[in-house]
Amino acid sequence: MPPILHYGFRPFFFLASLHAGLAIPAWLGAYLGGFEIGGPFGGMHWHAHEMLFGYLGAVIAGFILTAIPNWTGRLPLSGLPLAMLIGLWLAGRAACLLSPDPWLAMAIDLAFPAALGFAIWREVVAGKSWKNAPVAIMITLFGCANAADHLANAGFLDQDLGQRLALGVAAMLIALIGGRIVPSFTRNWLVKQEATTLPARFGRLDKAALATTAAGTIGWSVLPTNAAVGAILCAAGALLAVRLFRWRGFATVREPILFVLHVGYGWLAVSLSLLGLAILLPDAVHRSAAVHALTAGAVGTMTLAVMTRASLGHTGRAIVADRSITAMYAMVSAGAALRVIAPMSDANYAAMLGAGGALWSGAFLLFAIRYAPILWGPRAGN
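Conventions we followed
Residues numbered from 1 in each chain as written. Predicted model: local features only at pLDDT ≥ 70, side-chain atom pairs only at ≥ 80, totals over all residues. Heavy atoms only, no water. Salt bridge = Lys/Arg side-chain N within 4 Å of Asp/Glu carboxyl O. Helix = DSSP H or I, 4+ residues; strand = E, 2+ residues; numbered from the N terminus. Buried < 20%, exposed > 50% of the residue type's maximum accessible area, 1.4 Å probe, protein only. Contact = heavy atoms within 4.5 Å. Polar contact = N/O pair within 3.5 Å; in protein donor to acceptor, adjacent residues only side chain to side chain. Axes fitted to C-alpha atoms, helices over the stretch in contact; angles between N-to-C directions. Parallel < 35°, antiparallel > 145°, perpendicular 65-115°, else oblique. Left-handed = near helix turned anticlockwise from the far one by under 90°.

(A) Region of interest: the pattern of salt bridges. Under the criterion given, the structure shown has eight salt bridges. The salt bridge involving Asp206 is made with Arg243; its shortest N-O contact spans 2.7 Å. Highlighted residues: Asp206 in helix H7 (residues 204-222) and Arg243 in helix H8 (residues 227-245), separated in sequence by 37 residues. Of the residues examined, Arg243 reaches a relative accessible area of 2% and is grouped as buried.

Structure below.
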């Protein structure tokens, strides 16, 4: 089989980067140019749906399909089954862009998360990897959020319910999986540097941070304007920030491919705090700024960090960031920062929106160009 079908990360990371790199300019062109995007959703809703269930859905698929063999000891999904899963993702993107029938678009789009969920649960059960069942549950919820977003578009549910549920799942996945890999990778690197002070080990504070994050994101999904939920989200952001500080991220500044993981986790702490403040102080903190701190900031930075690192490591290459990779990291966080502060600058809103979108989407187009030979080509040394 061709190398692109060897592992899930190869096609899905490449497709995700192309989708992020092209969908944002398309949305900006429609928004600033005043024309409508086709399909069942329309402009604003299509933008949100595709960034969540198109881009993020592909990244989740690439990551989880590559991680599962390490969890279960079984062979990865590859070859024709992987190609069929890719086809379902592509069909969903086409349906959400072109189909005038919302029910047909829903049926086609939901085939991908349904097939992905089946593949994940089959491996978890067959490999008896029950400790990773919470991750499988969250990915199942992510698929349910996709269905909820389609039902909201048809007028059966609250307009933002599916999107809030998807963002809550994304926040928990970053908090949980990021909480595993960031201190682990940092510890390994610091040991090689013969450092004496290492990241703090998992303890009560970490459990409290994860529990509070779960409570806050679940609450926000159901009661997005409740003051108690706002307070919990602020507490979650503060606990995640303390947790991050204990991982000695500043010691890794000279290693960009590691430091960016800390930046991504930092975005998560900031975004949950902003979501809470947007509820408690709506006149001072714009909800759009808080949401984009989570989407463009936390999700964008952390997914790019994982994609760049995993693609190198799983193809037998040195896990080191060259200048182009370091530029991607700077561009994605700078673009996110501009998008977050854009609502606070009415006079320059369009300019900041355009500049932020160009930087953010440019980071993913650069990934597609830089990593195409890696993802489409053979493993290093073969």
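(B) Representation of the environment of Cys234. Residue position: Cys234 is located in helix H8. When the C-alpha atoms of Cys234 and Leu312 are compared, they prove to be 36 Å apart, with 78 residues separating the residues in sequence. Among all residues touching Cys234, those that are not within four sequence positions of it are Leu272, Ser273, Gly276, Leu277 and Leu280.

(C) Representation of the side chain of Glu123. Mapped onto the secondary structure, Glu123 falls in helix H4 (residues 102-126). For Glu123, a relative accessible area of 8% corresponds to the buried category. Within the local environment of Glu123, its side chain forms a polar contact with the side chain of Arg122, the two groups lying 3.2 Å apart.

(D) Representation of the environment of Ala289 in the model. Along the polypeptide, Ala289 turns up in helix H10 (residues 287-313). Distance in space between the C-alpha atoms of Ala289 and Leu338 is 9.7 Å, their sequence separation being 49 residues. Apart from residues lying up to four places away in sequence, Ala289 is in contact with Val340, Pro343 and Met344.

(E) The packing of H10 against helix H12 (residues 349-376), seen in detail. Direction vectors running N to C along H10 and H12 enclose 15 degrees, while the axes themselves pass 11 Å from each other. Judged on the interaxial angle alone, H12 and H10 are roughly parallel. The element H10 and its partner H12 pack so that their crossing is left-handed. For the pair H10 and H12, contact is made by Ala296, Gly300, Thr303, Leu304, Met307, Thr308, Ser311 and Leu312 and by Trp360, Ala363, Phe364, Phe367, Tyr371, Ile374 and Leu375, respectively.

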